[in-house]
Amino acid sequence: MPERTEGKPKLLCWLTDMMNLIKSKAKQVLFVKVTQYSPTAINCTECPDGWLHVGDQCFILITDRQDFFNSTDKCKEIGGHLAILTTREQHEAVEKEGRRMAGLYTNYWIGLTDTETEGEWKWVDKTPLKIPFWNTLTSEPDNHVSGGEDGEDCVVVDSYSQTWYDVPCSFSYPRICQKDAIPLV
Ligand SMILES: [Ca+2]
Ligand SMILES: [Ca+2]
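This is a predicted model, so every value here is computed, not measured. (Residues numbered from 1 in each chain as written. Chains lettered and ligands numbered in written order. Predicted model: local features only at pLDDT ≥ 70, side-chain atom pairs only at ≥ 80, totals over all residues.)

> Whenever I open this one, the overall build of the protein chain confuses me. Can you help?
Along the protein chain, the regular secondary structure elements total 4 helices and 10 strands. Mapped from its N terminus to its C terminus, the protein chain presents α and β elements in the order α-α-β-β-β-α-β-α-β-β-β-β-β-β. Expressed as a percentage of its 185 residues, the buried residues of the protein chain come to 30%. Across the protein chain, the fraction of contacts at a sequence separation of at least 24, relative to all contacts at a separation of at least 6, is 70%. (Helix = DSSP H or I, 4+ residues; strand = E, 2+ residues; numbered from the N terminus. Buried ≥ 20, exposed ≤ 12 C-beta atoms within 10 Å, placed from the backbone. Contact = placed C-beta atoms within 7 Å.)

What follows is the structure, encoded as structure tokens:
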């Protein structure tokens, strides 16, 4: 589950992580002193105000509408990139936030395209798509030509079906930006 950590005291965060660590290592804890655990095993991070905290990543949903390429630039301007959703946890967290913010029938850009080679989906950091959440009920991605002869090379999360659609990159949608969470030191 995503959680917001704005304003969460560092001590509380560390204690929470330590408790999780102890729970996950319960059997060993019977035999090993807690002091033998390396502090580097604790992964305690936070996000700036207004960002959604998911694992070690931060996400923000921004509702002004831009085409895909302007959206890419706008995310860079705030020190991030369009969302790269590599886990089900991230995918579900941003969809839930989308529904909370704007209700049903809302689409948000994520950082996935096949502009270089049709049908080869890559994230904006050039890594290939491994875990897809396409709307297979409507045969997405379908590179449909209704939006223009270029077809559909960019991707939105649809908050109604909770799946992805390929759409024309020139269309205007809100966006989801992402950046690394900040380690608490
Ligand atoms: Ca395409
Ligand atoms: Ca489509």
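There's plenty left to go through after this.
> What am I meant to see in the environment of Asp158 here?
Note on placement: Asp158 falls in strand 7 (residues 154-158). Along the chain, Asp158 and Glu95 lie 63 residues apart, while their C-alpha atoms are 7.6 Å from each other. Once you skip the residues sitting within four places of it in the chain, Asp158 turns out to touch Asn107, Asn135, Thr163 and Tyr165.

> Would you take a moment to explain helix 3 (residues 68-77) for this structure?
The α-helix winds at 3.6 residues per turn, so residues separated by three or four positions along the chain end up facing the same way. Phe68, Ser71, Thr72 and Cys75 are the residues of helix 3 that are buried. Taken down its axis, helix 3 places every buried residue within 105 degrees of arc, on the same side. Summarising the geometry of helix 3, the exposed residues directed more than 90 degrees from the buried face are Asp73 and Glu77. Packed against the buried residues of helix 3 are strand 3 (57-66), strand 4 (81-82), strand 5 (107-113), strand 7 and strand 9 (173-180). Count one or two residues on from helix 3 and you reach Gly79, which has phi positive near 80 degrees. (Arc of directions from axis to C-beta.)

> Is there a simple way to think about the nonpolar core in this case?
Grouped burial of nonpolar side chains is what soluble globular proteins tend to show. Within the largest apolar cluster, 32 residues are counted, with the highest numbers of intra-cluster contacts made by Phe59, Trp109, Ile110, Val156 and Ile176. Mapped by element, the contributors of at least two residues to this core are strand 2 (52-54), strand 3, helix 3, helix 4 (88-102), strand 5, strand 7, strand 8 (163-167) and strand 9. The contact partners of Trp109, leaving out residues within four places of it in the chain, are Phe68, Ser71, Leu82, Cys154, Val156, Tyr173, Arg175 and Ile176. (Core = buried A, V, L, I, M, F, W, Y, C linked by C-beta atoms within 7 Å.)

> Got a minute to help me understand helix 4 in this structure?
Its 15 residues give helix 4 an end-to-end C-alpha distance of 21 Å, which sits within 8% of 21 Å, the value for a rise of 1.5 Å per residue. Every buried residue belonging to helix 4 is among Gln90, His91, Ala93, Val94, Glu95 and Gly98, and all of these are buried. Looking at the buried positions of helix 4, the neighbouring elements they touch are strand 2, strand 3, strand 5, strand 7 and strand 9. Following helix 4 by one or two positions, Gly103 adopts a phi angle in the positive range, close to 75 degrees. (Expected span 1.5 Å × (residues − 1).)

> Would you mind showing me how to read unusual backbone geometry here?
Excluding glycine, residues mostly have negative phi values, and the peptide bonds linking residues are mostly trans. Cis geometry is found at the peptide bond from Glu140 to Pro141, where omega equals -5 degrees. Its identity is not glycine, yet Ser139 carries a phi of approximately 60 degrees, on the positive side. Looking at the element boundaries, Ser139 is found in the loop between strand 6 (122-123) and strand 7. Judged by local crowding, Ser139 falls into the exposed class, with 9 C-beta atoms found within 10 Å.

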